[in-house]
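# Summary of structural features
What follows is the residue order along each chain.
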Amino acid sequence: MKWMKEHRFGLMITLIMFMLVTGIGMTSQGRDRTTLPESLVSSGVSPLSRVVYYSSQYIHNFYSFVTELSTLKSRNEALEQELHDYKIKLTDYDKLTQENKELKSLLSFMDEHANFEYISGSIVSIDPDSGFSIFVINRGSNDGVQVNMTVVLKEGLVGRITEVSGGTSKVLAITDQNSMFNGVCVRTRDYVRITGDDNYKLKGYVDTEAKIEAGDIVLTSGLSGAFKKDIVIGEVLEVKKQQGKLEKLVVIEPAVEVEKINNVLIIK
Amino acid sequence: MKTLIISLVLLLELILQGTFFQFMNIAGFYPDLVLITIVIIGIFHDKEYSWRFGLIAGLLTDIIYGRVLGFHGLLYLTVIVVVSILASNVFKESIVAPLLLFPIGSLVKNTMYYMITYLLKENIPIGEYLASFGIYYWVINMIALFAVFFLMLRYKKYWVVSN
């Protein structure tokens, strides 16, 4: 008894740490719903976060505008050069337009996606440790959001809901290294196993026989269950053969610039 | 009351880190205000009182941003207990104490962070992780440490509990 009294603090900290480790173990695979106290904290913090987030973004944009004034001349020259480059690229326009039409008809993308019901949401904060890999949006179970719902933008796939509270939800971006899903190449119908990579890119793996190449568009396959089918993931940047491996590495540029989004759509 | 004040300050700092500093940063680096505050609280209070703030800050981080409940709770609890033990015999109102103990706190937090993420099979490339603690990290955090330390010293009566 005396020993316990003398070591009360040590015992208490050990007990708390044990509980925290248990918490880590129980939640490391993700959970469908948060507890009521967590939901209350998240919902309570969300309005203030949102105000600070948008105020900071406004100040940042204004500051960027002011600081960029001095560089306008050089930017103007760069833009003129860019315009010149675009004029050259314009010659390929007809070809690209035709290709675009073919792709659209191939996918029937817009028709299929008109059937989805959406919930719109805004980002209220970003995970300070991992950046845009995980972000919080101002829609939760009260708005009908559920775990594993697909988060998109008009341009393509953003991520999936990993945790839902009453008024907020956490989104795991597709560019996060923990994000794993299947895609399919539009042109060749090759299946691609995709995961997040550094610098907001995606990396995929395909069989060595796959005919996928740079410039191909990759869509969600709908096979893994996490994402709805036929949502644009991105464009293949390069395909690399890996020495001694039975798969080719595919580097994909996501259709959505995850680090620049403010508002998202959640597919019901 | 003092416990509530410190908890609200930690919450506000956490919100700033997830919002304001995502836009206002230098090459992606910004001060780790929560860690700085945790270290200063650990210096001014004994471990029997300070531990709760490590736990509160950590759990708030987990609830608001984290995927795994208890992850940051474990990190900040360990940091504040270690700092409180090391600071038990130092002159608390000198800037030397936080200058010495912040690097230790940062080392404890980030080593544990890397180890736990490794155990959770979330491999962060070690080179990339170490690169995030370059000169910018230390300069920005040391400037913030000075600012937060003298600000907290000035308003000591609102948050320091006399033993």
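One can find the structure itself at the top, above this paragraph.
To start, this report covers the structure provided alongside it. (Residues numbered from 1 in each chain as written. Chains lettered and ligands numbered in written order. Predicted model: local features only at pLDDT ≥ 70, side-chain atom pairs only at ≥ 80, totals over all residues. Heavy atoms only, no water.)

## Considering the overall build of chain B
Looking only at helices and strands, one finds eight helices and zero strands in chain B. Counted from the first residue to the last, chain B has its helices and strands arranged as α-α-α-α-α-α-α-α. The C-alpha radius of gyration of chain B comes to 15 Å, within 12% of the 15 Å expected for a compact globule of 163 residues. Reported as C-alpha extents along the three principal axes, the dimensions of chain B are approximately 45 × 30 × 30 Å. Taking all 163 residues of chain B together, the buried fraction comes to 56%. If you take every contact in chain B between residues at least 6 apart in sequence, the share linking residues at least 24 apart comes to 73%. Summing over all exposed atoms, chain B offers an accessible surface of approximately 7300 Å²; the carbon and sulfur share of this is 73%. Each charge class in chain B can be summarised by its mean position, and for the 10 positive and 8 negative side chains these summaries are 7 Å apart. (Helix = DSSP H or I, 4+ residues; strand = E, 2+ residues; numbered from the N terminus. Rg over C-alpha atoms; globule rule 2.2 N^0.38 Å. Buried < 20%, exposed > 50% of the residue type's maximum accessible area, 1.4 Å probe, protein only. Contact = heavy atoms within 4.5 Å. Areas by Shrake-Rupley, 256 points an atom, 1.4 Å probe, with all protein chains shown as cover. Lys, Arg positive; Asp, Glu negative; His and termini not counted. Charge placed at Lys NZ, Arg CZ, Asp CG, Glu CD.)

## Examining the overall build of chain A
Regarding its fold elements, chain A presents six helices and twelve strands. In terms of overall size, chain A is more extended than a compact globule, its C-alpha atoms giving a radius of gyration of 23 Å where 268 residues would be expected to give roughly 18 Å. Seen through its principal axes, chain A has C-alpha atoms that stretch 85 × 50 × 40 Å. Expressed as a percentage of its 268 residues, the buried residues of chain A come to 40%. Carbon together with sulfur atoms contributes 56% to the accessible area of chain A, which is approximately 15700 Å² in total. Across chain A, the mean location of the 31 positive side-chain charges is 5 Å away from that of the 35 negative side-chain charges.

## Describing helix α4 (residues 47-64) of chain B
The first and last C-alpha atoms of α4 of chain B sit 26 Å apart over 18 residues, in line with the 26 Å expected at 1.5 Å per residue. In terms of burial, α4 of chain B is a largely internal element, 13 of the 18 residues being buried. (Expected span 1.5 Å × (residues − 1).)

## Quick look at the environment of Phe 132 of chain A
Residues and elements named next belong to chain A. Within the fold, Phe 132 resides in strand β2 (residues 131-137). Classification of Phe 132 as buried rests on a relative accessible area of 8%. Put simply, Phe 132 and Val 186 are 54 residues apart on the chain and 28 Å apart in space, counted from C-alpha to C-alpha. Beyond its immediate chain neighbours, meaning those up to four positions away, Phe 132 contacts Tyr 53, Ile 123, Ile 126, Ala 173, Tyr 200, Val 258, Glu 259 and Ile 261.

## A closer look at the sheet that holds strand β8 (residues 202-207) of chain A
Strand pairing within a sheet occurs via backbone hydrogen bonds; the two strands may be parallel or antiparallel. Residue and element names in this part refer to chain A. The six strands are arranged β6-β7-β8-β11-β10-β9 in a closed barrel whose pairing can be described as antiparallel. Each strand axis lies, on average, 40 degrees off the axis of its neighbour in the sheet, ignoring direction. Of the strand pairs in this sheet, β8 and strand β11 (residues 247-254) are connected by six bridges, and their pairing is antiparallel. When the bridges of β11 are listed, Leu 202 appears paired with Ile 252. (Pairing = 2+ DSSP bridges. Axes fitted to C-alpha atoms, helices over the stretch in contact; angles between N-to-C directions.)

## Some points on the pairing of strand β3 (residues 150-153) of chain A
Residues and elements named next belong to chain A. Residues Thr 150 and Val 152 of β3 are buried on one face, and the alternating residues Val 151 and Leu 153, pointing to the opposite face, are buried as well. Relative to strand β4 (residues 156-164), β3 runs antiparallel, the two sharing four bridges. Its bridge partner lying in β4, Val 151 is registered against Gly 159. Between β3 and β4, which pair antiparallel and follow one another directly, the connecting turn spans two residues.

## Looking at the pairing of strand β1 (residues 118-127) of chain A
Residues and elements named next belong to chain A. β1 sits mainly inside the fold: eight of its ten residues count as buried. The pairing of β1 with strand β12 (residues 263-267) spans five bridges and is classified as antiparallel. Looking at the pairing, Ser 120 lines up with Leu 265 of β12. Counted along the chain from β1 to the antiparallel partner β2, the turn is three residues long.

## Quick notes on the interface of chain A and chain B
Each partner contributes to the interface: chain A provides 39 residues, whereas chain B provides 41 residues. In this assembly, chain A packs against chain B so that about 3500 Å² is buried in total across both faces, 70% of it on carbon and sulfur atoms. As a salt-bridge pair, Arg 67 of chain B and Asp 176 of chain A come within 3.8 Å of each other at their nearest N and O atoms. Viewed at the interface, chain B and chain A are joined by eight residue pairs in polar contact (both at pLDDT 80 or more). Elements that contribute at least two residues to the side of chain A that touches chain B include exactly α2 (8-27), α3 (36-68), β1, β2 and β5 (169-173) of chain A. Considering each element in turn, the side of chain A that touches chain B owes the most residues, twelve residues, to α3 of chain A. (Buried area = accessible area lost by both parts, 1.4 Å probe. Salt bridge = Lys/Arg side-chain N within 4 Å of Asp/Glu carboxyl O. Polar contact = N/O pair within 3.5 Å; in protein donor to acceptor, adjacent residues only side chain to side chain.)

## Side note on the packing of helix α3 (residues 33-44) of chain B against helix α6 (residues 96-119) of chain B
Residues and elements named next belong to chain B. Contact geometry for α3 and α6: axes closest at 9 Å, N-to-C directions at 120 degrees. Overall, the two elements α3 and α6 adopt an arrangement that is oblique. Along this stretch, α3 crosses α6, giving a crossing that reads as right-handed. Residues Leu 35, Ile 36, Val 39 and Ile 43 of α3 form the contact with α6, whose own contacting residues are Ala 97, Pro 98, Leu 101, Phe 102, Gly 105, Ser 106 and Lys 109. When its residues are assigned to classes, the contact of α3 with α6 shows eight nonpolar, two polar and one charged. (Parallel < 35°, antiparallel > 145°, perpendicular 65-115°, else oblique. Left-handed = near helix turned anticlockwise from the far one by under 90°. Nonpolar A, V, L, I, M, F, W, Y, C, P; charged D, E, K, R; others polar.)

## As for the packing of α3 of chain B against helix α8 (residues 135-154) of chain B
All names here are of chain B. Where α3 meets α8, the axes come as close as 10 Å, and the angle between the chain directions of the two elements is 50 degrees. By the angle between their directions, the pair α3 and α8 is classed as oblique. For α3 against α8, the interelement crossing comes out right-handed. Within the contact between the two elements, α3 uses Leu 33, Leu 35, Ile 36, Thr 37, Ile 40, Ile 41 and Phe 44 and α8 uses Tyr 137, Asn 141, Ala 144, Leu 145, Val 148, Phe 149, Met 152 and Leu 153. Along the lines of polarity and charge, the residues of the contact of α3 with α8 split into 13 nonpolar, two polar and no charged.

These values are about where atoms sit, not about what they do.
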